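Here is what each chain is made of, one letter per residue.
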Amino acid sequence: MNGADVKHRTTTKSTDSNALHSGLTRSQISMMGLGGAIGAGLFVGSGQAISIAGPAVLISYLLAGTIVIVIMAMLAEMVAANPSAGAFSTFAHKALGRSAGSTVGWLYWIQLVVVIAAEATGAAAMLVIWFPGIPQWAWVLAFVVLFTGINLLGVGNYGKFEFWFAFIKVAAILAFLVLGALVIVGVIPINQPIGFANFTAHGGFAPAGMAGIAAALLIVIFSFGGTEVVSIAAAESDDPAGNIKRTVSQVMLRILFFYLGSIIVIVAVLPWNSPEIVEGPFAAVLSVLHVPGVELMMSLLIVVALLSAMNANIYGASRMLYSLGTRKMAPTAVTHVTGKGVPANAVVWSVSFSFIAVGLNWIWPDAVMPLLLNVVGSTIIVIWSFIAVTQFVLRRRADRENLQMPLRLWGFPYLSLATIAAMAAVVGIAMTDATARTQLLLTLGLTGLLWLVSKLSYRNRQPQNVA
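Residues numbered from 1 in each chain as written. Predicted model: local features only at pLDDT ≥ 70, side-chain atom pairs only at ≥ 80, totals over all residues. Heavy atoms only, no water.

Defined as follows: UniProt positions are given in the numbering used here, feature names are shortened, and annotations may be inferred rather than shown by experiment.
An unreviewed UniProt entry lists the protein chain under the name GABA permease, with Glutamicibacter creatinolyticus as the source organism. The UniProt entry for the protein chain carries this comment under Subcellular location (unreviewed entry): "Membrane".

Considering the pattern of salt bridges
The cut-off we apply is this: Note on definitions: salt bridges are taken to be side-chain nitrogens of Lys or Arg within 4 Å of carboxyl oxygens of Asp or Glu. Helix numbering and strand numbering both begin at the N terminus, where a helix is a DSSP run of H or I of at least 4 residues and a strand a DSSP run of E of at least 2. Burial classes: relative accessible area under 20% of the type maximum marks a residue as buried, over 50% as exposed, and values in between as partly exposed (1.4 Å probe, protein chains only).
Taken as a whole and judged by the stated rule, the model has three salt bridges. Note that Glu-77 and Arg-395 form a salt bridge whose closest N and O atoms lie 2.7 Å from each other. With Glu-77 in helix 4 (residues 57–81) and Arg-395 in helix 17 (residues 379–400), the pair connects residues that are 318 residues apart, well separated along the chain. Judged by relative accessible area, which is 1%, Glu-77 ranks as buried. With a relative accessible area of 7%, Arg-395 lands in the buried category. The partner of Asp-399 in a salt bridge is Arg-408, and the shortest N-O contact between them spans 2.7 Å. It is possible to trace a salt-bridge network through shared partners that takes in Glu-77, Arg-395, Asp-399 and Arg-408.

A look at the packing of helix 8 (residues 155–184) against helix 14 (residues 294–326)
Cut-off, in case you're wondering: Axis definition: a line fitted to C-alpha atoms, limited for helices to the stretch in contact. Angles are taken between N-to-C directions and run from 0 to 180 degrees. Helix crossings get a hand from a simple test, with the near helix turned counterclockwise from the far one by less than a right angle marking a left-handed crossing and a clockwise turn marking a right-handed one. By definition, residues are in contact when any of their heavy atoms lie within 4.5 Å. Residues are grouped as follows: Ala, Val, Leu, Ile, Met, Phe, Trp, Tyr, Cys and Pro are nonpolar; Asp, Glu, Lys and Arg are charged; every other residue, Gly included, is polar.
Remark: helix 8 packs on helix 14, axes separated minimally by 10 Å, with the N-to-C direction vectors making an angle of 145 degrees. Between helix 8 and helix 14 lies a crossing whose hand is left-handed. Contacts between helix 8 and helix 14 pair Val-155, Tyr-158, Phe-161, Glu-162, Phe-165, Ala-166, Ile-168, Lys-169 and Ala-172 from the former with Leu-301, Val-304, Ala-305, Leu-307, Ser-308, Asn-311, Ala-312, Tyr-315 and Arg-319 from the latter. Among the residues making up the contact of helix 8 with helix 14, the classes are represented as 13 nonpolar, two polar and three charged.

Structure, rendered in structure tokens:
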């Protein structure tokens, strides 16, 4: 697709009564990308990764960060050429066929639908500690109703809410990094060794060796999940190609800075094997600094992080379902768009499972969160693998046909092939861990089932072009 085609699509889509509106700004998309990756995976999951790999978890973050930066650059190349609410599902459809597009689209939607319920449950569980008089199921119900309403108000209003959610998280991390730096250089004295001694003490830099780095990599990979929403949101901005080009590199470098900076502060201030790090690394550091009200502060920050991710995931799930509907891969009812440019039926369908989760929280409040997270544990690995293969196929096709492209991934084809190999290596590492292996096999089984259903559903239909 050439530049003229892209311009035509982005300037005319709002004239279609069944089309989405262009209501997101570049700054909102940037903050959505930051907010999508800065969530409970950083505030809580990083402690588990540190406890497994020790200070060498920095290598795990560098490896995972490098992979996700390239994956996002791949998405940017494809989005700039063909903005679409279906993003990587649409691209897989074009590159690998209808069944591939349907499979990755439904896999992503299922993942988000489950994660939405998990995030509402996680936020509710945090608040029950501070407000024991309100049952967990009531908090979940309130969150689901609130964020469903926000997403039905229009993409511009959604973008404003998500901007401020992400702003709170970014501001909190920046404040944490500043405080940590002041402790490390000795400006803020504490009753413990400072500097970087903890990076080599307590068993050395890599106490668990390469095995620890590899095991932590799996946790870190999941922490970066959520950045894909930028590729979906770009289709509803005023300049999809321009916005995705300006946003992706800046967002990903900032995310890597926040993650690496936070881990450096945590490991510098506390021994990596401190029990407090597993329970909550940020709270543990702030406790050492004697910050008043640290437990309430971190609880509220984690709640904000979970609700921000929930808000973004309702948006991402509804747009993916809408795209599947426009390509006849889902019931056409989900393509209905309100006067505000919102695929209302797709939004409601995407939060429907969360209402079921309200009942589950009423019956088994302590068992819901682990169950939900196990269901979608490895979907991000499969989706990123689809993205890498799709970009390689589409880019090779574009180069063969001498097509003009607004943005090109550097180092093609070697970087693309290296990324595919890296994703294969991640799969191999996951197969060596019992928990990750179970999750991955379940995800691969679901992927195969979705592919089979797609094949059986569409085998008698005429092939259609993908817009």
